[in-house]
Amino acid sequence: VIIACPEAIRRESTRGNVPPLVFFRYWNCGLRKVLLAHHQSKRRFMDSISIALDDPYVNDERRLGWIKEVTKLILNVNMNGTIDDTFEHNHFLVLRAALEMKLCSYSFFRMLFESGSGDNMAWECDEGGNFLLHIAARCESCYDGEYYQCTERN
């Protein structure tokens with residue numbers, strides 16, 4: 001649907017919600033649990049890690065890969081207004097878009113960061129010479145920022 005009609009990403013429902021907000025809220029809690037479990041087990045992050053759904057209508061596990069792809073698509077359209085084919089292959093742009101989109105939960109940013117070349121991303125910068133840390137510092141925090149402690153060490 002996003003590919004067929006990118007402008008639908010910004011359309012509000014009768015309750016005033018936009019599709020990305022509903023998507024991020026629905027998946028955020030389960031994704032946060034998966035990332036926490038992964039962090040505690042000290043395993044290398046892989047797309048094959050699955051998420052157990054709390055939804056009573058869907059009692060199975062799903063791979064994280066599709067959540068990552070939909071997230072990238074949402075961030076792409078939100079940042080560019082349309083689908084830019086080069087966006088998905090520029091991991092720095094993906095992470096920057098996640099930081100700049102307040103609706104994007106921290107768990108989604110963390111999933112994108114850990115599944116990419118996170119070590120190298122810290123040293124890449126945008127056209128203004130800003131590192132990800134600079135971009136994060138000047139952006140409004142994500143809507144679920146209060147769930148995370150600043151002292152958490154990775």
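See the structure printed just above.
Here the structure is a predicted model, which is why all the values come from computation and not from measurement.

Thoughts on the overall build of the protein
Working step 1: Each helix and strand counted, the protein has six helices and two strands in total.
Working step 2: The order of α-helices and β-strands along the protein, N terminus first, is α-β-β-α-α-α-α-α.
Working step 3: Per-residue burial for the protein yields a buried fraction of 38% across its 154 residues.
Working step 4: In the protein, the share of contacts with a sequence separation of at least 24, taken over all contacts with a separation of at least 6, comes to 58%.
Working step 5: When the accessible surface of the protein is split by element, carbon and sulfur atoms take 53% of a total near 9,600 Å².

Description of the nonpolar core
Working step 1: Membership of the largest hydrophobic core comes to 30 residues, with the highest contact counts inside it found for L75 and F108.
Working step 2: Elements with a minimum of two residues in this core: α1 (19–41), α2 (65–80), α3 (91–100), α4 (106–115) and α6 (132–138).
Working step 3: Each residue touching F108, except ones within four places of it in the same chain, is listed here: F23, F24, W27, N28, L31, I67 and T71.

Focus: the pattern of salt bridges
Working step 1: In the structure shown here, the tally under the stated rule is two salt bridges.
Working step 2: With a closest N to O distance of 3.3 Å, R96 and E100 form a salt bridge. With R96 and E100 both in helix α3 and four residues apart, this pair spans about one turn of that helix.
Working step 3: The residue R96 makes a salt bridge to E127 at a minimum N-O spacing of 3.2 Å. Of the two residues, R96 sits in helix α3 while E127 sits in the loop between α5 (118–121) and α6, which places them 31 residues apart along the sequence.
Working step 4: Of the residues examined, E127 reaches a relative accessible area of 69% and is grouped as exposed.
Working step 5: Several salt bridges converge on common partners, so that one network encompasses R96, E100 and E127.

Examining the environment of I9
Working step 1: Note that I9 resides in the segment before α1.
Working step 2: In this structure the C-alpha to C-alpha distance between I9 and P20, which are 11 residues apart in sequence, comes to 6.8 Å.
Working step 3: Excluding anything up to four places from it in sequence, I9 contacts I2, V18, P19, P20, I74 and V77.

Quick look at α3
Working step 1: Burial within α3 is extensive, with eight of its 10 residues counted as buried.
Working step 2: Listed as buried for α3 are H91, F92, V94, L95, R96, A97, A98 and L99.

Quick notes on the rules
Residues numbered from 1 in each chain as written. Predicted model: local features only at pLDDT ≥ 70, side-chain atom pairs only at ≥ 80, totals over all residues. Heavy atoms only, no water. Helix = DSSP H or I, 4+ residues; strand = E, 2+ residues; numbered from the N terminus. Buried < 20%, exposed > 50% of the residue type's maximum accessible area, 1.4 Å probe, protein only. Contact = heavy atoms within 4.5 Å. Areas by Shrake-Rupley, 256 points an atom, 1.4 Å probe, with all protein chains shown as cover. Core = buried A, V, L, I, M, F, W, Y, C linked by side-chain atoms within 4.5 Å. Salt bridge = Lys/Arg side-chain N within 4 Å of Asp/Glu carboxyl O.

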